[in-house]
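Notes for the structure review
So you can see what is in the structure, the chains are spelled out below.
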Amino acid sequence: MSNARNLANLLSPGATTLGSSAIADNAITGAKVVAGALSAADIEDSSITAAKLATDSVTTANLGRRNKIINGQYAVASRATSFTSTGSANNDAVYTLDRWKLLSDGNDIVDVSQETSTVPTNKLFALKLDVETEDKKFGIAQVVENNACTGLIGNSVTLSFQAKVSDTSKLDNIKCAIISWSSTADSPTADMISAWGDEGTDPTLASNFTYENTPANLNVTTSYAKYSVTASVDTSSAANVIAFIWSDVTDTTAGHHLFITDVQLEEGSSATDYEQRAFHEEERDCQRYYYEIHSATNYSKFGVGRAWSTDDTAAALFLPVAMRTTPTMATSTIGTNFGVAGVGSSISSITLAERDVNNQLFTINVAYDSTSFTTGNIYQIESNGNTTGFISFDAEI
């Protein structure tokens, strides 16, 4: 007997609905429902209750990609894993671990590093801020790109993270804030702090930045714990949302540490479990904002191109993902780190010449000090017998 006749036998003459008492427990499974046969309009209001849902059938894993923060566990470290005064890498308002900007009351206030030992249970990474210059405030911030702020602007938003300090005698006032930027989208002032102020006084923000919550001492201890704040992002013309975590102390001791991980910024008035992403997803998201080609061997290959004159050649570079906007290109020392295979290392400049409309395919121009190329020939750009050469593409906000 067909399924249609079985169903017909269960319906009384003239009936169009089937009572739940006529259906045996577990008789209807997802596999038995034809795709598209059941829509929301077909489900009676209030017919599905919490009591009818199997335990753990709906979890935070079913909520989709809700965390707007990228690299919230500090797993991706494209630039380096440690940032100190060497090369001014820990200056105020510079990027450190991917997507995270250091903000401090001066330069060389804290060293920044990717922490792999002092981490929460079952976690791999954290951010470590190590006090170098005493009695100064410092913190970290991430700007959420405008096209990712859908659901945040105009709604309640929750910022959460795990944190601990190495010593509460001085690092005893850690705060966090949800901040909006209300001018040109994705073009915030590089340093959003106008004045750091006295201890216990929230830093004064630069023009067009607004605290959406009232920051308060979180009373962070020497053990990891989860902290959160909620605010309504209701500033008029808000274009970007920023997560900011900082030490509001002006009486610090060198060698004391602040550790942070599991940073999450999400729509809603409560903090959900941290959204764990695969490393390759996190890395790919970071590469939209910063990508670095770094030599791994003494003669790593950077690109291949055609000479269009006797002292200039061009090489095409295809990046793994499209960048957010046209990037700024930088290189390590030209004369020391780069060479042209079969020609030499007398390179005078490497510049960004062209890009495709998607900001993924770039052409770099390599100028040589002498007329050593044959026009039309193919040449290979490589590291010059070292592993310190790099070419970086920066499209951070």
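What comes next concerns the included structure. (Residues numbered from 1 in each chain as written. Predicted model: local features only at pLDDT ≥ 70, side-chain atom pairs only at ≥ 80, totals over all residues. Heavy atoms only, no water.)

1. A few points about unusual backbone geometry
- Unlike most non-glycine residues, Asp108 shows phi in positive territory, near 55°.
- Within the secondary structure layout, Asp108 lies in the loop between β3 (101-104) and β4 (110-115).
- Take Asp108: its relative accessible area is 25%, and that puts it in the partly exposed class.
- If you check the backbone angles, Asn122 has positive phi at about 65° while not being a glycine.
- With respect to the secondary-structure elements, Asn122 resides in the loop between β4 and β5 (126-131). (Helix = DSSP H or I, 4+ residues; strand = E, 2+ residues; numbered from the N terminus. Buried < 20%, exposed > 50% of the residue type's maximum accessible area, 1.4 Å probe, protein only.)

2. Overview of the packing of aromatic side chains
- Tallied over the entire structure, the rule returns ten aromatic pairs.
- Measuring from ring centre to ring centre gives 5.1 Å for Phe302 and Phe338, while their planes differ by 55°; the resulting arrangement is tilted. Linking Phe302 in strand β16 (residues 301-307) with Phe338 in strand β19 (residues 338-340), this pair joins segments that are 36 residues apart in sequence.
- By relative accessible area, Phe302 is classed as buried at 5%.
- Each member of the aromatic cluster is reached from another via a ring pair, and the members are Trp196, Tyr211, Phe244 and Trp246.
- Taking NZ or CZ as reference, Arg79 lies 3.9 Å from the ring centre of Tyr290, over its face.
- Here Arg99 stacks its cationic end above the ring of Tyr289, 3.9 Å away from the centre of that ring. (Phe/Tyr/Trp six-rings, centres within 6.5 Å; stacked < 30°, edge-to-face > 60°. Lys NZ or Arg CZ within 6 Å of the ring centre and 35° of its normal.)

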